[in-house]
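Spelled out from the first residue to the last, the chains are:
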Amino acid sequence: MFVSGLPEKQGLYDPANEHDNCGIGFVANIKNHKSHEIVRQGLTVLENLTHRGAAGADPLTGDGAGILIQLPHRFFQEECQILGIKLPKEENYGVGIIFLPQEESARSACENAVVDLVKKEGQRFLGWRDLPTDNSVLSKAVRDIEPYIRQAFIGRGKACLDTDAFERKLFVIRKQAHKLVREKELSGEESFYIPTLSARTICFKGMMLAARVASYFKDLTDERVESALALVHQRFSTNTFPSWELSQPLRFLCHNGEINTLRGNINWMAARRHSMKSEFLGNDLQKLWPLIADGNSDSATFDNALELLLAGGYSLAHAMMLMIPEAWNDNPLMDKERRAFYEYHAALMEPWDGPAAVAFTNGRQIGATLDRNGLRPARYVVTVDGLVVMGSEVGVLDIPDDKIVQKWRLQPGKMFLIDLEEGRIIDDLELKTELAKAHPYQTWLNQTQIIIEDLATVAEPIAPNHQTILDRQQAFGYTQEDIKFFLLPMATSGQDPVGSMGRDIPHAVLSDRPKLLYDYFKQSFAQVTNPPIDPIREELVMSLVSLIGPRPNLLGLDSGGNHMRLEVRQPILSNSDLEKIRHIQDGAESFKSTTLDICYPTSDGADGMKSKIENLCQEAKTSVLNGYNILILSDRSINEENVAIPALLATSAVHHHLIREGLRTDTGLVIETGEARQVHDFCLLAGYGAEAINPYLAFDTITEFANQLPERSSVSELNANYIKALDKGILKVMSKMGISTYQSYCGAQIFDAIGLSSEFVEKYFTKTASAIEGVGLREIAGEMIERHGRAYGDDHVLRDDLDVGGELAYRIRGEEHMWTPETISRLQHSARMNSREIYDEYSAEMNDQSRKLKNLRGLFKFKFDDHQIPIEEVEPASEIVKRFVTGAMSFGSISFEAHTNLAIAMNRIGGKSNTGEGGEQAERYKTLANGDTMRSAIKQVASGRFGVTTEYLRNADEIQIKMAQGAKPGEGGQLPGHKVDNIIAEVRYSTPGVGLISPPPHHDIYSIEDLAQLIHDLKNVNPNARISVKLVSIVGVGTIAAGVSKAHADHVLISGAEGGTGASPITSILHAGAPWEIGLAETHQTLVINKLRGRICVQTDGGIRTGRDVAIAAMLGADEYGIATASLIASGCIMMRKCHLNTCPVGIATQDPDLRKKFKGQPEHVINYMFFVAEEVREIMAELGFPSINKMIGRSDKLEMTKAIEHWKAKGIDLSRLLYKPDMGPNVAIYNSEKQDHGLKNALDNILIKKANPALEKGRPVKIEMSFQNINRTVGAMLSGEVAERYGHAGLPDDTIFIKGKGSGGQSFGAFLSKGITIELEGDTNDYVGKGLSGGHLIVYPPKETPIKAEDNIVIGNVALYGATAGECYFRGVAGERFAVRNSGAIAVVEGVGDHCCEYMTGGVVVVLGATGRNFAAGMSGGIAYVLDEKEDFDVRCNLAMVELENISDEGNLKQKADGESLGLYDLMYDMNEHDQSRLKILIEYHMHFTDSSRARHILENWDNFLPKFIKVMPVDFRRALLEMREPVKDDQELIDGTVAGE
Amino acid sequence: MGKPTGFMEFDLKDRDYGPVIERVQHYNEFVIPLPPDELIKQSARCMDCGIPYCHQGCPVDNIIPDWNDLVYRSEFKKAAEVLHSTNNFPEFTGRICPAPCEEACTLNIDDNPVAIKTIECSIIDRAWDEDWVKPEINLNKTRKSIAVIGSGPAGMACAQQLARAGHTVKLYEKNKKIGGLLRYGIPDFKMEKHLIDRRVEQMTAEGVTMKTGINVGVAVKVNELMKGFDAVVLTGGAETPRELSVPGRNSDGIELAMDFLSQQNRRVSYEEINCTKEILANDKDVIVIGGGDTGSDCVGTSFRHGAKSVTQLEILSKPPEKVEKGLTWPNWPMKLRTSSSHEEGAIRDWSVTTKKFEVEDGKVVSLIIKRVDWAQNNNGSVDLIEVEGTEERLPTDLVLLAMGFVHPTHQGMVADLGVVLDDRGNVKANTIEYQTSMPGVFCAGDMRRGQSLVVWAIREGRQCAHAVDKFLMGRSNLPR
């Protein structure tokens, strides 16, 4: 299908899972002066973005790169003359670049198809030109699939009145050409692809390294090739398979980002097919389908949709605003007209949601926009000569500083556009104001918008009697746990409930109990290629607004204001809201709703469901055709005689049926169901098309319980709380995938099926991934019937009670668990007595699943044949245990005793323990008297960066970047203040008693190239440590892992979704992610197919408990094995599942001093257990004939599925895809046997270290001068590692190593800078300045010769000082988004910041001498900020959830430090409740001193005028904690010493 | 869970006993129930464990955390319902169960378990007091009839469950009253017998016909009886006592514990004693051979008779007073257990074997004991070794043999039926189908599993009822 070497779908590998991220940029001359210089500059930009791309197994095979320019008319005229083609005037002909098959007859067939189409569409075919190329720059693999590239010249036909019409025609021709060639199935058709066919633009792209684009396409170096713009793109894809067409730029844009809602967007586009009409395209519209080819990348899909909008008459800017809207609801700073514009357009199209920087052009305009949350960088520079350079990084083109008039960045949701014909830049404000005023959007809204919540209340049904409710509850499978853990807590607290430890119950398909259909689906989530969102702290980008009902014609540009719309503010309908919809026709004539019953006679049995669904779909279709534009699917008629179709099945079946019929956008879909009750259920209904849901039985249940609750609340309050909890939960699930609006989540199908047959899935849940097959409609219906029978039968246990459930806690008559009283006590007794005999009983119990199936590996069988070897020939257990690690558990989630016990045990046997997120006390780095050490070999780097200092990283054998956690992938965490005692505060660099928040994403990893950057940063700090990336198993994780390998990680952990947790929403524990078997097998297969397996070590965890588990993990492809919960159990854990309550009765998951005393674990217990496991592995190895683990890795051919599966559900499972063994020949490694090349040799720090030698060795001050470029990444980190190695966190005296530089600093400039190092930079820098700053100083100011005003221009990029623990920074100029995010101790002065400044900050001081963006101080629990609020609107920009705003007090002066000399060094951190005036003034003075800031000078000169305009941002918790710490009063000397701890 | 931190705030406080000096004067129960506020505190100690180990400990699968929580919230009625959902007779177990649940309780890692048994007992006592316990009458009759033979706890539970499933049930008992060893073995001071009577009343209302005074296999031939029923359940207990074959055994003053206890129980309830001689311990030096619960009951009864001294002997070595919890919990550990009867003044001795009885005038006057050692042998089991030269003489007037039971009585019913026995002489049946080698004949309780606890008998009775129901109807809604 593509010009690509993408392998076929095989095993678990599926090319559909590929992701890409990248670097983008453009160069343009505002005045539309075409020149070859622009092309040359474009190519330079491309080259300087090389590090944002990647190379595969073969270093010559880039992931693709390209350049798009205006048609070089002069060049073509001259070239065509030679070929005898006579070109018409500029814009009257189009040029296509066409990839063709190499083979001649196939090629001419394709060519003929194009020529025929051109004629058929009334245009003139002028001729062909062979594109001169040099394929010596390609790698062998790419040469094999190199297309034959020709240019086609097409003259405008008479029927096309202007170039716009001609462009539309060329679009129609191109679409049909692709379709025609595909349909003809010509040989070599997969090579056929038309990158561009336009009268305005032309694109040169292919599978080459960025630097080779110009060498390959010889035209590009021809001086006659001129353009006023050049759009460039460097791709980083997760695979290594060359794909010419997935290179960018695409026809209109290049895209750095990811569309999270892609499947939904594609479905909705398809759904519109019949309702779409265009006056511009007319009948041609029908020729464009399929508009979106399956298997395209998300960027290409986006481009397809954009192209349609443009052809349909939208302007470029208008279309971009429609597809990537700003966050408009609840934005008090947005003007009303713009808001109305967005609100109006929300009904037209769901957002294409996800992180995105898009640069776009149609040849006449060029511009760029950013997603609503600003999750991709985009910087630009404007010169005095009218040149604009935009790119993912600044410094990509060397421009003399004196020529620059503006340096800025794209801000979240903002756009900027250069109109080449008008010859000017149109900024966001002008652009959008103009579009917003173009039509009376607010008036249209007023006329057409109905908000359900605001409609008059109608009578609602009263709750039925107890018996009816009970029967219904039982029929819908309610359990006691639903009440106890979900409904009641939700109704009383309004929160989605939290639990702890992992899931150890069987998958739905393995369970003996009838399960709900919801249980067969797993939530997908974002990792690496896109970030999850924090729906609480970044609520401003989230929206639950749902529009119910028919959507307007997307291309009906002139039909504004005619279309009525029905809106709900959030999608959970109360009974009263549902009745309003049911009777909507009474009040709003445009709407007609009808209720479709999804119940059918019980007597029809399980077999009756199929025909009922068919009837339902037909009924839905007929209703829509009869003018009903809201369908309510309802199971309210359930009773003894009528059984319900699972609501999810009914919803999805109808949704997909209507999509296929092209009718879906003609109607709304509302679900009235007794079945949905947990957050997961609602998410699934939404994900498969429900626009609003009424859970009537949940409300009835709450109503029944209302009067039994200890705190009396009214039923309506309880119901409102329940809805609130669901809303929060849904937001969290959406944000896990990085989706911010319900509208785009609806129908987006962000789920994988586990245990459903692909036939069933394809029919009712079309395009949902299903890895292992399983049950179909028969069994699903059977489960429903069984439940129904029990509900309405005379079951004694259910007579007056619900089923116990037993999923969240072990219960008699409940679900099966792996961890039972028997398994736990046997494991503990064996470990304590060192009894292999009792261990054998334990492992037999765990491994034997002949009676009860509990997990996927229970279905595997070893293929023992006669290859067994004597056990003596198998490598010793002492070697095997070195491959074992314990899990990442933070000191904070578990006690000191438990944490160090694991560390000592693993260090003794040469395995590894893991710090978890939360730092480690420096004392633990020392060896104890008995030779033991409590140092964790693995240091985790999680999103909170707690305690991640240079010293910490330096003391690691492995540094693990935690992208996700099995129990709660895509979510952050929170450590409540009462758990933060003195020691925990110390290791986390925070304040005792102040709560700590871990953000859901790493704010320096929004994409794969960002991850590559962080890997590079960490490797610089500690070149001896392995860099590991922890991922969570899910369908598609294999391709992510391949990307991780290309990003140069040494190690990847595929964590099963069943792993434990100290606290996590129960929704996530049970329903997010997949078991490790699936993710591991996919990862191994994908890495092998990519030839990347050898260079990366693969580890797996998430429920490994026995030697058999280890052996299977090895055979599915793991080099190493994580055993977390079981090692805790060996230490005494008894699975109380109360970790989140701090009441652990065995002293593990608690910080309570009394409870900690109850910890009885010994290192020996853990060691005994580890050796038992290893010995069990050895025995299996001997029987299988493997002398070493390496020989066993990836040998899935020695596993088979148990044949005798009789289980009524499990018998449909097919694990052959897990067992697939790719055949790549003997030369492709299948276990970790090579090393990554991190490219550290080229690091600038090598020079710095050499020059700083006197300081490092003798502590003598040194001064170094340097110049920097954007390609010099992570400057200072390796040097800092050397300092920390010798001097620890205390470092050297300030300024001992003083580096003075000039130029543009690359990414992560000054990252992890140790104390004693100062970098002063004259120039600017990119993202992540001062990341993890550990005491060093950073000073950045614009070059002296630049004419720009520093305070109005950007000087540093996004996400500065992320996770900084100490140090000082002075930035003269404006910083990007998320300045000082998660700062826990650094002091910084800056002259303006973007959105989310000081987010999650826990310590330090930030001074902002200028404007701020929105959402300042979100989640800020500690430290302080001073903001100069000249516009007096800071209170609107600040997130006041955790902080208060104060005026600057003037009580007392700060103490001068003992060693303070000329400048006067002050203790700036001293009692931050007071001394504000003195502190602020000193900091501004420092700022002026270090950066020569005119802004600072002006403020100081007018101090009395400015002082009242400063606002202090003070976290409420922090103030309280500081006051508590003040007592008892200490003497002065102590205070000065004490505060040094902050550094 | 009532209170997440309850276990950290409140210490274990269990029911007290009435003072020894008073309680040995009568045969009534002497346990003092906890006051309601204390009870709530005790229930708050339950941690609602992620894995409730008490589940594993409890043979009847009591849903302990749930009713602890209900008690904490003072919802006694609901608590009683939950309790009854797994246990037909919680007032029995609430009094006389050794409470393996408490051994398995997570808090017992620190010797400080939740007072589960006390809470159980208080729930059901309250339920009776409030008149919440009603007959559960099933109006949908199945027209199947079942004979349950033996009315101990297994038979009672089985009969009650089967009646509730709509079957016609007849419960046969050889003695005058229903209850088996519950009534005739367990002294009143541990469980008063009116508790059984009201259950009998409830069961009668539910449709169980009580056929007392009919010794099946003796008075009625079992084969005859079977003709009238669709199924027969054997719940006749394990009544054959373990004997002590040493010289002098047949002398006067050497009696079987069960004879001694049942006489006394009849005496207390004014039932005719119905035997040739009365066994009384007043003013005697009593020696009880056998260190188990029956022995302990003999101790308490002897004190109430007014014995001069009571000595209890055990052949096994003295178990430790404290065990290494890390190696035993949550299992039932071998440790020294002291009953209320022991506290009434008994002398206890361990690691002794009885060599012979010395007899004067046909009447026992003393017995010769000898110390023993237990040594591990190569097969992994332990051997008994008598320690030479350790013989001692213990003077006595009354010796009570309480060394347990070996298997059911074979003579009569079991032999007549000809059902297959297991290696130990119990009736063979598994715990899924509970069916003996004869189709339609089921067996549960001690008769199947050998001598055991009341709580096991209830469990088996319930599970057997499920199996019978399924056998008769093809499916069963009775909870196992």
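## Describing the overall build of chain B
- Scanning chain B for helices and strands turns up 19 helices and 18 strands.
- For a compact globule of 480 residues, the expected C-alpha radius of gyration is about 23 Å, and chain B comes in at 23 Å, within 12% of that figure.
- Seen along its three principal axes, the alpha-carbon backbone of chain B occupies a region of about 70 × 60 × 50 Å.
- With 480 residues in all, chain B has 57% of them scored as buried.
- In chain B, the proportion of contacts linking residues at least 24 apart, taken out of those at least 6 apart, comes to 67%.
- Here chain B displays about 19900 Å² of accessible surface, and carbon together with sulfur accounts for 50% of that area.
- If you average the places of the 58 positive and of the 68 negative side-chain charges in chain B, the two averages end up 5 Å apart.

## Topic: the packing of aromatic side chains
All names here are of chain A.
- All told, the structure shown has 43 aromatic pairs over all chains when counted by the stated rule.
- Seen in terms of ring centroids, F75 and F76 are 5.6 Å apart; in terms of plane orientation they differ by 55 degrees. Their pairing is tilted. F76 carries the same exposure label as F75, and that label is buried.
- Members of the aromatic cluster, joined through ring pairs, are F99, Y193, F204, Y216, F217 and W244.
- R988 extends its terminal NZ or CZ atom over the ring of F946, reaching a point 5.3 Å from the ring centre.

## Quick look at the sheet that holds strand β9 (residues 253–257) of chain A
Residue and element names in this part refer to chain A.
- Read from one edge of the open sheet, five strands run β9-β10-β11-β15-β16, paired in antiparallel fashion. Two strands close off the open sheet at either side, each with one partner strand: β9 and β16 (424–426). Averaged over all adjacent pairs, the angle separating strand axes in this sheet is 10 degrees, with direction ignored.
- The pairing of strand β10 (residues 356–361) with strand β11 (residues 365–370) spans five bridges and is antiparallel. Its bridge partner being in β11, A357 is matched across the sheet by L370.
- Across the sheet, helix α8 (residues 298–311) lies against β9 and β10, angled at about 135 degrees from β9, the strand it touches most.

## Quick look at the pattern of salt bridges
All names here are of chain A.
- Summed over all chains, the structure comprises 155 salt bridges over all chains.
- The salt bridge partner of E79 is R224, with a shortest N-O separation of 2.9 Å. Highlighted residues: E79 in helix α2 (residues 73–83) and R224 in the loop between α6 (213–216) and β8 (229–237), separated in sequence by 145 residues.
- Residue K1198 is joined to D865 by a salt bridge in which the shortest nitrogen-to-oxygen separation is 3.1 Å. Here K1198, found in the loop between α39 (1189–1192) and β42 (1199–1201), pairs with D865, found in the loop between β30 (860–862) and α27 (877–880); they are 333 residues apart in sequence, far enough to count as distant.
- By relative accessible area, which is 9% here, K1198 ends up buried.
- A residue is classified by how much of its surface remains accessible, and D865, at 32% relative accessible area, is partly exposed.
- Each of R74, E78, E79, R129, D219, D222, R224 and E226 takes part in salt bridges that share partners, so that together they form one network.

## Considerations on the environment of W1503(A)
Residue and element names in this part refer to chain A.
- Note that W1503 resides in helix α47 (residues 1503–1506).
- Relative accessible area serves as the criterion here: at 6%, W1503 is assigned to the buried category.
- Once the C-alpha coordinates of W1503 and I772 are considered, the two residues, 731 residues apart in sequence, prove to be 70 Å apart.
- When sequence neighbours within four positions are dropped, the list of residues in contact with W1503 reads Q1477, L1480, K1481, I1484 and F1510.

## A word on helix α21 (residues 715–736) of chain A
- The end-to-end C-alpha separation of α21(A) is 31 Å, in line with the 32 Å expected for 22 residues at 1.5 Å each.
- A positive phi of about 75 degrees marks G738(A), the residue just after α21(A).

## Here we look at a nonpolar patch on the surface
- A cluster of nonpolar residues, I315(B), L316(B), W374(B), V382(B) and L384(B), forms a patch on the protein surface that exposes about 390 Å² of accessible area.
- Tracing the sequence through the fold places L316(B) in the loop between β10 (309–313) and α16 (325–328).

## Looking at the pairing of β10(A)
All names here are of chain A.
- With six of its six residues buried, β10 lies for the most part within the structure.
- The side-chain alternation of β10 yields two buried faces, one formed by A356, V358 and F360 and the other by A357, A359 and T361.
- Note that β9 and β10 share five bridges and pair antiparallel. The residue of β10 that forms the bridge with L253 is F360.
- Linking β10 back to β11 in an antiparallel pair, the connection comprises three residues, with G363 at a positive phi of about 95 degrees.

## A closer look at the interface of chain A and chain B
- In this complex, chain A contributes 37 residues to the contact, which on the side of chain B involves 39 residues.
- A combined buried area of about 3100 Å² lies between chain A and chain B, and 56% of that area is made up of carbon and sulfur atoms.
- Our count for the contact surface shared by chain A and chain B stands at seven salt bridges.
- Taking the shortest distance from any N to any O, the salt bridge between D48(B) and K484(A) comes out at 2.7 Å.
- Joining chain A to chain B, the criterion identifies 16 residue pairs in polar contact (both at pLDDT 80 or more).
- Where the side of chain A that touches chain B is concerned, the elements lending two or more residues are α14 (480–493) and α25 (821–833) of chain A.

## Comments concerning the sheet that holds strand β12 (residues 379–383) of chain A
Residues and elements named next belong to chain A.
- Taken in spatial order, the seven strands of this open sheet run β7-β2-β8-β1-β13-β12-β14, and their pairing is antiparallel. A strand with exactly one partner marks an edge of an open sheet, and here the two such strands are β7 (201–206) and β14 (404–409). Sheet twist, expressed as the average angle between the axes of neighbouring strands with direction ignored, equals 10 degrees.
- The sheet contact formed by β12 and strand β13 (residues 387–391) spans four bridges and is antiparallel. Bridging from a neighbouring strand, Y380 pairs with M390 of β13.

## Some points on the nonpolar core
Residue and element names in this part refer to chain A.
- Counting 310 residues, the largest nonpolar core has F521, F884 and L1031 as its most contacted members.
- The element that contributes the greatest number of residues to this core is helix α38 (residues 1163–1184), accounting for twelve residues.
- The contacts of L1031, once residues within four sequence positions are left out, are Q527, V528, M963, V1037, I1040, A1041, V1044, V1052, L1053, I1054 and S1055.
- By size, the runner-up hydrophobic cluster in this structure holds 109 residues, among which are V45, L87, F153 and A319.

## Observations concerning the environment of I404(A)
Residue and element names in this part refer to chain A.
- Summarising the element assignment, I404 is placed in strand β14.
- You can call I404 buried: its relative accessible area is 4%.
- In this structure the C-alpha to C-alpha distance between I404 and Q77, which are 327 residues apart in sequence, comes to 36 Å.
- In contact with I404, other than residues within four places in its own chain, are V381, V382, T383, I399, T1346, P1347 and I1348.

## What to know about the side chain of H407(B)
Residues and elements named next belong to chain B.
- If you trace the backbone, H407 turns up in strand β17 (residues 405–407).
- You can call H407 buried: its relative accessible area is 18%.
- When near neighbours in sequence (up to four residues on either side) are disregarded, H407 contacts A238, E239, T240, R424, G425 and N426.

Calculation notes
Residues numbered from 1 in each chain as written. Chains lettered and ligands numbered in written order. Predicted model: local features only at pLDDT ≥ 70, side-chain atom pairs only at ≥ 80, totals over all residues. Heavy atoms only, no water. Helix = DSSP H or I, 4+ residues; strand = E, 2+ residues; numbered from the N terminus. Rg over C-alpha atoms; globule rule 2.2 N^0.38 Å. Buried < 20%, exposed > 50% of the residue type's maximum accessible area, 1.4 Å probe, protein only. Contact = heavy atoms within 4.5 Å. Areas by Shrake-Rupley, 256 points an atom, 1.4 Å probe, with all protein chains shown as cover. Lys, Arg positive; Asp, Glu negative; His and termini not counted. Charge placed at Lys NZ, Arg CZ, Asp CG, Glu CD. Phe/Tyr/Trp six-rings, centres within 6.5 Å; stacked < 30°, edge-to-face > 60°. Lys NZ or Arg CZ within 6 Å of the ring centre and 35° of its normal. Pairing = 2+ DSSP bridges. Axes fitted to C-alpha atoms, helices over the stretch in contact; angles between N-to-C directions. Salt bridge = Lys/Arg side-chain N within 4 Å of Asp/Glu carboxyl O. Expected span 1.5 Å × (residues − 1). Patch = residues over 30% accessible without salt bridge, like charges linked within 9 Å, V, L, I, M, F, W, Y side chains within 5 Å. Buried area = accessible area lost by both parts, 1.4 Å probe. Polar contact = N/O pair within 3.5 Å; in protein donor to acceptor, adjacent residues only side chain to side chain. Core = buried A, V, L, I, M, F, W, Y, C linked by side-chain atoms within 4.5 Å.

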